[in-house]
Amino acid sequence: MDDLRARITKDGIRIYEDADFAGMRAAGRVAAEILDAVAPLVVPGTTTAVIDDFITDEIRRRGVTSATIGYKGYKHASCISVNHVVCHGIPGQKLLMDGDILNVDVTVIVDGWYGDTSRMYVAGQLARKAERLIEVTHEGLMRGIAAVKPGNTFGDIGYAIQAYVEAQRMSVVRDFCGHGLGRVFHAPPNVLHYGRAGAGPVLEEGMFFTIEPMVNLGRPETKVLADDWTAVTRDKSLSAQFEHSVGVTATGCEIFTQSPAGKFHPTWG
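Here is a short report on the structure shown in this document. This one's a predicted model, so the numbers in the text were calculated from it and none came from an experiment. (Residues numbered from 1 in each chain as written. Predicted model: local features only at pLDDT ≥ 70, side-chain atom pairs only at ≥ 80, totals over all residues. Heavy atoms only, no water.)

**Quick notes on the pairing of strand β11 (residues 208-211)**
Right, on to step 1. Here β11 shows two buried faces, one formed by F208 and T210 and the other by F209 and I211.
Right, on to step 2. Of the strand pairs in this sheet, β11 and strand β16 (residues 244-248) are connected by four bridges, and their pairing is antiparallel. Bridging across to β16, F209 finds its partner in V246. (Buried < 20%, exposed > 50% of the residue type's maximum accessible area, 1.4 Å probe, protein only. Helix = DSSP H or I, 4+ residues; strand = E, 2+ residues; numbered from the N terminus. Pairing = 2+ DSSP bridges.)

So this is what it looks like as structure tokens:
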């Protein structure tokens with residue numbers, strides 16, 4: 001796409017062309033395939049460093065680029081957030097325990113296009129309260145995606161997620177949000193996972209962005225640890241997250257990061 005001809009809305013949101021959907025489709029598929037391949041590795045006794053090493057090798061093997069290695073000094077091909085870590089967990093040597101839940105977040109660059117997605121995994125046996133949290137988080141994401149169509153607003157997306165999650169007596173994290181993407185990693189708009197119906201910029205065909213709600217079993221407040229990356233729940237309650245990259249179509253939206261193997265949810269397949 002010729003950037004000189006690109007249309008930008010008054011809110012700074014880039015409108016992509018029909019041909020650009022193919023690029024996002026390809027990038028999203030690679031990211032999703034890598035996360036499909038991760039599933040057998042998530043077992044008690046392994047480490048998140050081992051999982052990240054595998055992801056790094058997969059990215060190299062496929063001849064694509066990690067968007068996170070070198071991003072603001074970050075050194076890993078994934079963020080892996082365990083239990084009460086909300087997001088941006090740094091892979092390390094701590095052993096996974098039976099019942100641990102973790103979010104693995106991967107972004108790749110394929111021919112200049114960014115594919116960004118994350119999903120939940122479970123090491124060993126899934127406890128019922130964690131299972132319920134994961135179910136509610138996934139359903140919140142899908143309700144947000146269902147609100148994506150031309151003429152709706154970004155507030156409609158946030159409202160759909162917040163209304164559902166809070167009705168389940170869980171909380172939506174306010175401190176982090178989704179974002180525009182395409183030929184850049186992060187761009188307008190900020191996609192809030194809470195809000196008022198009808199508020200915010202109006203959705204238009206050709207907008208690309210992520211929806212990635214973080215849901216806590218306890219309160220929504222978070223804090224960032226001394227490493228300046230890892231965000232955790234202040235009350236140490238469990239947290240879960242799912243993320244898709246989507247594009248607004250004439251009649252609704254296309255999900256670019258669908259799991260080819262049907263493994264997007266840890267209880268599927």
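What follows picks up the thread again.
**Digging into the packing of helix α3 (residues 128-146) against helix α4 (residues 154-167)**
Right, on to step 1. Two elements in contact, α3 and α4, have axes separated by 8 Å at closest approach and are oriented at 150°. In terms of axis orientation, α3 runs roughly antiparallel to α4. You can see that α3 and α4 cross each other, and the crossing is right-handed. Contacts between α3 and α4 involve V136, E139, G140, R143 and G144 from the first element and I157, A160, I161, Y164 and V165 from the second.
Right, on to step 2. Across the contact of α3 with α4, the residue classes break down as six nonpolar, two polar and two charged. (Axes fitted to C-alpha atoms, helices over the stretch in contact; angles between N-to-C directions. Parallel < 35°, antiparallel > 145°, perpendicular 65-115°, else oblique. Left-handed = near helix turned anticlockwise from the far one by under 90°. Contact = heavy atoms within 4.5 Å. Nonpolar A, V, L, I, M, F, W, Y, C, P; charged D, E, K, R; others polar.)

**Structural notes on unusual backbone geometry**
Right, on to step 1. Here the amide bond leading from P188 into P189 is cis, since omega sits at 5°, within 30 degrees of zero.
Right, on to step 2. Inspection of the secondary structure assignment puts P189 in strand β10 (residues 187-191).
Right, on to step 3. Notably, K72 is not glycine yet its phi reads approximately 50°, a positive angle.
Right, on to step 4. For K72, the position within the fold is in the loop between β3 (65-66) and β4 (79-82).
Right, on to step 5. Judged by relative accessible area, K72 falls into the exposed class, the value being 68%.

**Side note on the sheet that holds strand β12 (residues 214-216)**
Right, on to step 1. Taken in spatial order, the three strands of this open sheet run β8-β12-β15, and their pairing is antiparallel. The open sheet has two edge strands, β8 (171-172) and β15 (239-241), and neither has a second partner.
Right, on to step 2. As defined by bridge partners, β12 adjoins β15 across three bridges and the pair is classed as antiparallel. Bridge pairing in β15 places N216 opposite S239.
Right, on to step 3. Sheet strands touched by α3: β12 and β15. Its angle to β15, the strand with the most contacts, is close to 35°.

Structural measurements only, silent on function.
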